[in-house]
Amino acid sequence: MTEATQNTAGVRVRFAPSPTGYLHVGGARTALFNWLFARHHRGVMILRIEDTDAERNKAELVEGIIDGLKWLGVDWDEGPFYQSRRTELYRAAAKKCVASGSAFLCYCPADRYAGGDYAEPAQDEEPKGGGPRRVTRCSCRGGKPSTPGAKPAIRFRVPIGGTTKFTDAVFGEREFSNDEIEDFVLLRSGKGDEEFGQSMYQLGAVVDDIDMRITHVIRGADHLSNTPKQVLLYRALGAKPPVFAHVPLILGADKTRLSKRHGATDVNLYRREGFLPEAFRNFLALLGWSPGGDEEFLRTKDLIQKFSLEGVSRTNAVFDRPKLEWFNTQYLQRLPIEDLLPEVENELKRSGLWKPEWAAGAPPGPDGRDRAWFARTVDLLRPRIRLLPDFSSWARAFFSDEFTRDAAAKEKFWKDSKVPELLAKLADALGNLKEWNHDACDHATRAVAEAAGVKAALLINATRVAIVGQAVAPPLFDTMVALGQQRVVRRLHEAVSGAAKA
């Protein structure tokens with residue numbers, strides 16, 4: 001099935017995480033695909049929190065999921081909706097199924113549907129290969145007498161014989177034998193004064209998708225085994241199933257399912273490491289989807305324009321950390337500077353290095369540095385930056401006078417006994433300059449080296465350590481211009497005693 005033949009008018013999609021864990025890379029990719037599809041078709045994106053598992057859900061995990069989505073730039077038009085607040089809707093739907101004969105009351109002990117012969121598999125269980133499943137039908141199907149005092153669960157009455165078919169936008173025509181589908185639970189039995197307990201995954205998902213008028217369900221391929229059950233439920237509730245699109249799984253480098261043993265899988269950890277959100281979006285979008293051709297650097301507007309379900313692969317994707325780092329460096333180097341500045345500003349604020357005079361529209365500070373200076377400095381630094389925290393660690397000396405000179409750099413470039421005298425002479429020469437620019441700094445530095453009978457490289461390397469504390473930095477004379485005359489001269493004088501001790 002091609003996307004062109006699908007009904008994409010009035011697209012409504014949803015991302016429905018369960019707050020029993022963090023925002024996993026796989027979940028983030030699913031959210032991104034839904035978001036790209038909705039934005040491409042000018043549709044609606046809904047956020048739904050599937051929090052019916054009261055024992056495992058945690059409020060802080062909901063907050064972490066929402067924070068991760070916001071960082072990723074995946075916004076939503078409706079929600080968040082919480083399934084825990086929609087219980088009566090699910091109970092009404094289950095009772096409707098009982099009334100129509102498509103579900104029945106089950107008086108079996110709770111462990112029979114929590115892990116017995118015909119237990120409902122976990123909602124994220126991967127489809128497994130091998131022969132056909134053997135399903136034991138629940139003995140309550142025929143109306144087994146209730147046990148005195150026992151409260152029933154509600155199970156779906158799966159048809160005996162025949163198949164359940166649906167068309168998947170990625171995997172094509174799919175067909176499942178009904179005899180391999182268990183009589184799955186819709187509602188657990190009630191506790192205390194409750195007639196029935198919590199809704200199970202299959203019922204809550206379907207009822208919500210109907211109520212929220214979902215047109216396309218885009219989710220991981222690990223949900224393929226859930227889909228025939230949900231198709232049966234849609235039909236029992238008199239609703240047309242949406243278009244299903246199951247996207248490939250994300251694997252680690254060893255081709256096993258991505259997990260903590262492969263490194264960070266929580267999206268928020270990549271945020272804290274200092275990856276650019278747009279670079280992460282670009283990388284994530286290409287895990288299991290291709291726009292066609294060899295183009296990889298795709299800004300968000302390009303992803304939205306090009307995204308289609310036809311480009312989604314059936315083959316599992318591999319999470320390649322070096323590739324993610326490559327994307328990040330590409331974005332650091334290629335973004336228009338005005339798009340990069342807010343990210344660097346946030347990093348400097350986080351590290352306590354930000355000065356209000358560097359904000360857009362603010363007057364210059366006492367040293368003359370303003371937003372224009374900030375932009376030039378970030379542009380100078382970014383070819384050597386890997387992650388955003390590099391601006392406040394490796395490049396700290398550009399934004400603060402409180403920095404540390406690297407011990408290894410001092411040992412290597414200050415070991416010549418002439419260095420202290422050379423730094424002092426250079427400080428005097430630079431302090432006497434009437435113009436402060438690249439060529440003037442270059443000429444003055446080389447003149448000092450020539451007069452002392454040493455190679456210019458000796459003084460250039462020693463000076464770099466003196467004024468920024470690093471052995472590697474942007475070109476020295478551009479660095480001098482960025483720091484300013486007074487700051488460079490002062491740092492050279494401060495370094496003289498340190499060089500003498502090296």
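So, a few notes on the structure that sits alongside this text. (Residues numbered from 1 in each chain as written. Predicted model: local features only at pLDDT ≥ 70, side-chain atom pairs only at ≥ 80, totals over all residues. Heavy atoms only, no water.)

## Comments concerning the sheet that holds strand S1 (residues 12-15)
Counted only if it meets this: Only strands that DSSP links by at least two bridges are regarded as paired with each other. In this text, helices come from DSSP runs of H or I with a minimum length of four residues, and strands from runs of E with a minimum of two, each type numbered from the N-terminal end. In this analysis, axes come from line fits to C-alpha atoms, helices being fitted only over the stretch in contact, and the angle between any two N-to-C directions falls in the range 0 to 180 degrees.
Read across the open sheet, the three strands follow the order S1-S2-S3; overall the sheet is parallel. Each having just a single partner strand, S1 and strand S3 (78-82) make up the two edges of the open sheet. Here the strands of the sheet are splayed against their neighbours by 25 degrees on average, with no regard to which way each runs.

## A look at the sheet that holds strand S4 (residues 103-106)
Strand order across the open sheet formed by four strands is S4-S5-S8-S9, with antiparallel pairing between neighbours. The sheet terminates laterally at S4 and strand S9 (196-199), the two strands that pair on one side only. Each adjacent strand pair in this sheet contributes to an overall mean axis angle of 30 degrees, direction not counted.

## Describing unusual backbone geometry
Backbone phi values are negative for most residues with the exception of glycine, while trans is the configuration of most peptide bonds. Spelled out, the test is: Type-normalised accessible area, obtained with a 1.4 Å probe on protein chains alone, sets the label of each residue: buried when under 20%, exposed when over 50%, and partly exposed for intermediate values.
A cis amide bond, omega 5 degrees, links Gly79 with the succeeding residue Pro80. Note that Pro80 resides in strand S3. Despite not being glycine, Arg213 has its phi angle at roughly 60 degrees, a positive value. Within the secondary structure layout, Arg213 lies in the loop between helix H5 (201-211) and strand S10 (216-220). For Lys255, which is not glycine, the phi dihedral falls at a positive 70 degrees. For Lys255, the position within the fold is in the loop between strand S12 (250-251) and helix H7 (267-273). Residue classification places Lys255 among the exposed residues on the basis of a relative accessible area of 54%.

## Notes on helix H6 (residues 227-236)
Counted residue by residue, H6 has eight buried out of ten residues, so it is predominantly covered. Every buried residue of H6 is listed here: Thr227, Pro228, Lys229, Gln230, Val231, Leu232, Leu233 and Tyr234.

## Section: the pattern of salt bridges
Pairing between side chains of opposite charge can happen when their charged atoms approach one another. Here is the rule: Any carboxyl oxygen of Asp or Glu within 4 Å of a side-chain nitrogen of Lys or Arg constitutes a salt bridge here.
Under the defined criterion, the tally for this structure stands at 36 salt bridges. The residue Glu195 makes a salt bridge to Lys95 at a minimum N-O spacing of 3.2 Å. Taken together, the residues Glu195 in the loop between strand S8 (185-189) and S9 and Lys95 in helix H3 (residues 87-100) connect sequence positions 100 residues apart. Note on Lys95: relative accessible area 41%, which makes it partly exposed. Salt bridges sharing common partners tie together Arg14, Arg48, Glu50, Arg86, Asp208, Asp209 and Asp211.

## Overview of the environment of Phe403
Quick note on the threshold: The criterion used for residue contact is that any of the two residues' heavy atoms lie within 4.5 Å.
When you line up the elements, Phe403 lands in the loop between helix H12 (371-381) and helix H13 (407-413). The exposure class assigned to Phe403 is buried, which follows from its relative accessible area of 16%. Residues Phe403 and Leu476, 73 residues apart in the sequence, show an inter-C-alpha distance of 17 Å. With sequence-adjacent residues up to four places away left out, Phe403 is seen in contact with Arg396, Ala397, Ala466, Ile467, Val468, Gly469 and Arg491.

## Things to note about the pairing of S1
To keep things clear, this is the line we draw: Every crossover in which the path from the first strand over the helix to the second runs clockwise, viewed with the strands pointing away from the viewer, is termed right-handed.
Along S1, one buried face is formed by Arg12 and Arg14 and the opposite face, lined by Val13 and Phe15, is buried too. Bridge count for S1 against strand S2 (residues 44-49) is four bridges, and the pairing is parallel. Bridging from a neighbouring strand, Val13 pairs with Met45 of S2. A crossover connection joins S1 to the parallel S2 through helix H1 (residues 25-40); in handedness this β-α-β unit is right-handed.

## Here's the deal with the pairing of S2
In regular strands, side chains alternate between the two faces of the sheet. Of all six residues in S2, six are buried; the element is thus mostly enclosed. Because side chains alternate across S2, one face comprises the buried residues Val44, Ile46 and Arg48, and the other comprises Met45, Leu47 and Ile49, equally buried. Of the strand pairs in this sheet, S2 and S3 are connected by three bridges, and their pairing is parallel. Residue pairing in the sheet places Ile49 in a bridge with Tyr82 of S3.

All we've got here are geometric facts, nothing functional implied.
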